[in-house]
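Descriptive structure summary
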Amino acid sequence: MKYVFFDIECACVYKSVAKICAFGYVLTDENFRVLEREDILLNPKGKFHLTDRKGGEGLVLPYVYEDFKKYPLFPAAYSRIKALLEDKEHIVLGHATLNDVNYLNLETRRYKLPSLKFRYYDTQFFYMNVKRDFSRQLGLGAMAEELGVEFTPHRAVDDAYATMRVCEALVRRENAETVPAFVERYQIRAGQIADYKIRPLASLGLKSYLAARDEEREKRARAHEEFYRYVNKYMHRRSKSGSLEGKVFCFSKEVEEEVPMSVHLVAAIFASGGKYTSHPAECNVYIARGQGGVRYQNAISAGAAFVPLEHLESALLQS
């Protein structure tokens, strides 16, 4: 069994277009000894329009762009790439591999080539399973730094090599010895592409994370429902005068979700003549544990005063 680590760079990427200009790969044995490594450079047949992960301008590839006109088009490398990725003796890996698999899918469609068919793994997904944290996607650079791997970003073959070293470091650190052993330990199901359809990776850890996330969302939704049921029921029964008359309060969502504390506070506000709104732009007093967030910004932009939660609690207790 051998490992194929690959990375792709594109001249431009849009929703249904990915013009590949570089396919870099590193082929190793099961002990991560390099057998081959190469940058397959291609004419993207289009202009370079490069953006960073957030869509901003400024990403620069370490290539001379004019040189790409001399290279062959993607179809010329298709058979070679297909053989490399579809070999039954090869385990295919990348970093954020779903993106690169999608680029390959778009290019095969663009040139009316048969769909690729192979299974793949992802070092980013490996890392998430190790950390048991699926809430954020760590870039190759950050992972490489943590694991002591150096590389030149955005040269496809160098990214592929760094991915290999990151994978090796991760597997060794987990005392798994091989990728199949690592995959078995974390019960990871490979992603797959076939018939132009892509299936993402899955794992027991991801399944548990999604279940816990959904349960937490349902819990928060129930808390919001309970809080607003109280607000809607007692708003019109509030005192028509008092120390908070003319004040319109809004809590951060986090505070609203802390039932029954939030209900206790809004009851005290109603008893003192204050009102409550769910729209931060309509309040003149915004309550939260700390500053920051869209809800906070909307309230402050509308002229509301920010009052820390503990100050409101203290004031209401003294009143």
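The biggest cluster of nonpolar side chains holds 63 residues, and the ones touching the most others in it are Phe23, Leu104, Phe126 and Val179. In this structure, Phe23 is in contact with Phe6, Asp7, Ile8, Glu38, Asp39, Ile40, Ile81, Leu84, Leu85, Leu104 and Ala156, ignoring residues within four places of it in sequence. Counting 27 residues, the second-largest nonpolar core is a separate cluster that includes Cys250, Ala288, Tyr296 and Ala304.

Let's shift gears to the side chain of Glu9. Position of Glu9 relative to the elements: it lies in strand E1 (residues 2-13). We note that Glu9 is buried and unpaired, the nearest opposite charge coming from Arg155 at a distance of 9.4 Å. In this structure, Glu9 is in contact with Ile20, Cys21, Ala22, Leu61, His154, Arg155, Ala156 and Asp159, ignoring residues within four places of it in sequence.

The next point concerns the layout of surface pockets. Each pocket or cavity is described by its volume, and for the second largest pocket that value is around 250 Å³. Forming the walls of the second largest pocket are 15 residues, and the residues nearest its centre are Asp87, Lys88, His90, Phe118 and Arg119. Residue assignment for the lining of the second largest pocket shows that the elements contributing at least two residues are helix H1 (74-86), strand E4 (90-94) and strand E5 (118-122). Ranked by the residues each element gives to the lining of the second largest pocket, the list is headed by E5, at four residues. Looking at the lining of the second largest pocket residue by residue, the classes come out as eight nonpolar, two polar and five charged.

Moving on: the pattern of salt bridges. Using the criterion set out here, one finds 18 salt bridges in the structure. One salt bridge in this structure joins Arg110 and Glu107, with 3.0 Å as the shortest N-O distance. Placement of both Arg110 and Glu107 in helix H2 (residues 97-110) is noted, with a separation of three residues, approximately one turn of the helix. A relative accessible area of 1% places Glu107 in the buried class. Between Glu168 and Arg165 there is a salt bridge; the shortest N-O distance is 2.5 Å.

Quick look at the pairing of strand E10 (residues 248-251) now. Alternating residues of E10 divide into Val248 and Cys250 and Phe249 and Phe251, and every residue in both groups is buried. Summarising the sheet, E10 and strand E11 (residues 275-276) pair through two bridges and their orientation is parallel. Each bridged residue has a counterpart across the sheet, and for Val248 the counterpart in E11 is Lys275. Across three bridges, the pairing between E10 and strand E12 (residues 285-288) is parallel. Bridge pairing links Phe249 to Val285 in E12.

The strands making up a sheet are joined through hydrogen bonds of the backbone, oriented either antiparallel or parallel. On the basis of which strands lie adjacent, the open sheet formed by seven strands has the order E3-E2-E1-E4-E5-E7-E8 and mixed pairing. The open sheet has two free edges, formed respectively by strand E3 (34-41) and strand E8 (197-199), since each of these has just one partner strand. Taking each pair of neighbouring strands and ignoring which way they run, the sheet shows an average axis angle of 25°. For strand E2 (residues 18-28) and E3, the ladder comprises seven bridges, and the chain directions are antiparallel. Paired with Thr28 across the two strands is Val34, which belongs to E3.

The rules behind these values
Residues numbered from 1 in each chain as written. Predicted model: local features only at pLDDT ≥ 70, side-chain atom pairs only at ≥ 80, totals over all residues. Heavy atoms only, no water. Core = buried A, V, L, I, M, F, W, Y, C linked by side-chain atoms within 4.5 Å. Buried < 20%, exposed > 50% of the residue type's maximum accessible area, 1.4 Å probe, protein only. Contact = heavy atoms within 4.5 Å. Helix = DSSP H or I, 4+ residues; strand = E, 2+ residues; numbered from the N terminus. Lys, Arg positive; Asp, Glu negative; His and termini not counted. Salt bridge = Lys/Arg side-chain N within 4 Å of Asp/Glu carboxyl O. 1 Å grid on protein atoms, 1.4 Å probe; cavity = no way out; pocket = protein on both sides within 12 Å on 5 of 7 lines; lining within 4 Å. Points joined across faces, edges and corners; volume = space filled by probe spheres on them. Nonpolar A, V, L, I, M, F, W, Y, C, P; charged D, E, K, R; others polar. Pairing = 2+ DSSP bridges. Axes fitted to C-alpha atoms, helices over the stretch in contact; angles between N-to-C directions.

In short, the description is geometric, and any link to function would need to be established separately.
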